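Breakdown of the fold
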Amino acid sequence: MVSASRWPKYLRRTERKLKKQQRELSRKQRGSTNRDKARIKVARAHASVADARRNFHHQWSSKLTRENQAGYAETLNVRGLARGLHSKSVHNAGWSQFLGLLEYKAARYGRTFIKVDRRFPSSQLCSACGFRDGPKPLHIRQWTCPNCGTLHDRVWNAGKNVRYEGRRVLAAQQT
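Reading guide: rules and limits
Residues numbered from 1 in each chain as written. Predicted model: local features only at pLDDT ≥ 70, side-chain atom pairs only at ≥ 80, totals over all residues. Heavy atoms only, no water. Helix = DSSP H or I, 4+ residues; strand = E, 2+ residues; numbered from the N terminus. Buried < 20%, exposed > 50% of the residue type's maximum accessible area, 1.4 Å probe, protein only. Contact = heavy atoms within 4.5 Å. Areas by Shrake-Rupley, 256 points an atom, 1.4 Å probe, with all protein chains shown as cover. Lys, Arg positive; Asp, Glu negative; His and termini not counted. Charge placed at Lys NZ, Arg CZ, Asp CG, Glu CD. Patch = residues over 30% accessible without salt bridge, like charges linked within 9 Å, V, L, I, M, F, W, Y side chains within 5 Å. Salt bridge = Lys/Arg side-chain N within 4 Å of Asp/Glu carboxyl O. Expected span 1.5 Å × (residues − 1). Core = buried A, V, L, I, M, F, W, Y, C linked by side-chain atoms within 4.5 Å. Polar contact = N/O pair within 3.5 Å; in protein donor to acceptor, adjacent residues only side chain to side chain.

Focus on the overall build of the protein
Each helix and strand counted, the protein has seven helices and four strands in total. Starting at the N terminus and walking to the C terminus, you meet the elements of the protein as α-α-α-β-α-α-α-β-β-β-α. Reported as C-alpha extents along the three principal axes, the dimensions of the protein are approximately 70 × 40 × 20 Å. For the protein, the residues scored as buried account for 33% of the 175 residues in total. Within the protein, contacts between residues at least 6 apart in sequence are counted, and of these 63% link residues at least 24 apart. Only carbon and sulfur atoms are counted for the fraction: they give 50% of the accessible area of the protein, which is about 11,900 Å². In the protein, the 38 positive side-chain charges and the 11 negative ones have mean positions that sit 7 Å from each other.

And the structure:
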């Protein structure tokens, strides 16, 4: 799976071009033909970014659903994340759109897709022994479990915990 930091940054890549086209649009006189042309250029640039992102989402969601029998994902509060410091990166990733594609493609290919609740403490639990260490600030990327002494990478540990919780939810649904 591609980590979120490795996803293509379509908006960041075309930001300079978009900024220039927006500036040119703002300098045109309202109601003029040249303003309409500039508006169409800006719209096309935004559409190309959206198309590239959508294409990436389709490719990866198809690949993941074909290669795996089950998929588990954490339902993130995208609206809340989009208000913070990293809002442009959150919007650039298109997480909600990606989860929607995963869900419908899993149903299409007869696979299982489970969304784990956002309140599940995936980054607080030790994936080795199940000890809950409590909330940690985002700058802590590695931590050692005080109970069993296992060194954890925050993202990998959370991924394992989401998978375990997804399997538990799936087992509960099947009984």
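Comments concerning a positive patch on the surface
Taken together, the side chains of Arg16, Lys19, Lys20, Arg23, Arg27, Lys28, Lys37 and Lys41 make up a positively charged region of the molecular surface. Mapped onto the positive patch, the elements with two or more residues apiece are helix 2 (15–27) and helix 3 (33–67). With respect to the helices and strands, the residue Lys37 is situated in helix 3. Taking the relative accessible area as the measure of exposure, Lys37 reaches 51% and is therefore exposed.

Overview of helix 2
Helix length check: helix 2 (13 residues) gives 19 Å between terminal C-alpha atoms against 18 Å at 1.5 Å per residue, within 8%. Packed against the buried residues of helix 2 are helix 1 (10–13) and helix 3.

Some details on helix 6 (residues 95–108)
In this model, helix 6 (14 residues) spans 20 Å end to end at C-alpha, consistent with the 20 Å of a helix rising 1.5 Å per residue. In this structure, the buried side of helix 6 is in contact with helix 3, strand 1 (70–74) and strand 2 (112–116). Once helix 6 ends, the next one or two residues include Gly110, with phi positive near 75°.

A few points about the nonpolar core
Counting residues in hydrophobic clusters, the biggest one holds 12 residues: Trp7, Tyr10, Val49, Phe56, Leu64, Ala73, Ala93, Phe98, Leu99, Leu102, Ala106 and Phe113. Elements supplying a minimum of two residues to this core: helix 3 and helix 6. Setting aside residues no more than four positions away along its own chain, Phe113 makes contact with Gly71, Ala73, Leu99, Leu102, Glu103 and Ala106.

Observations regarding the side chain of His152
By the secondary structure assignment, His152 is in strand 4 (residues 151–153). In terms of polar contacts, His152 uses its side chain to reach the side chain of Asn157, at 3.4 Å. Leave out the neighbours within four places in its chain, and His152 touches Cys126, Ser127, Ala128, Arg141, Gln142, Trp143, Cys145 and Asn157.

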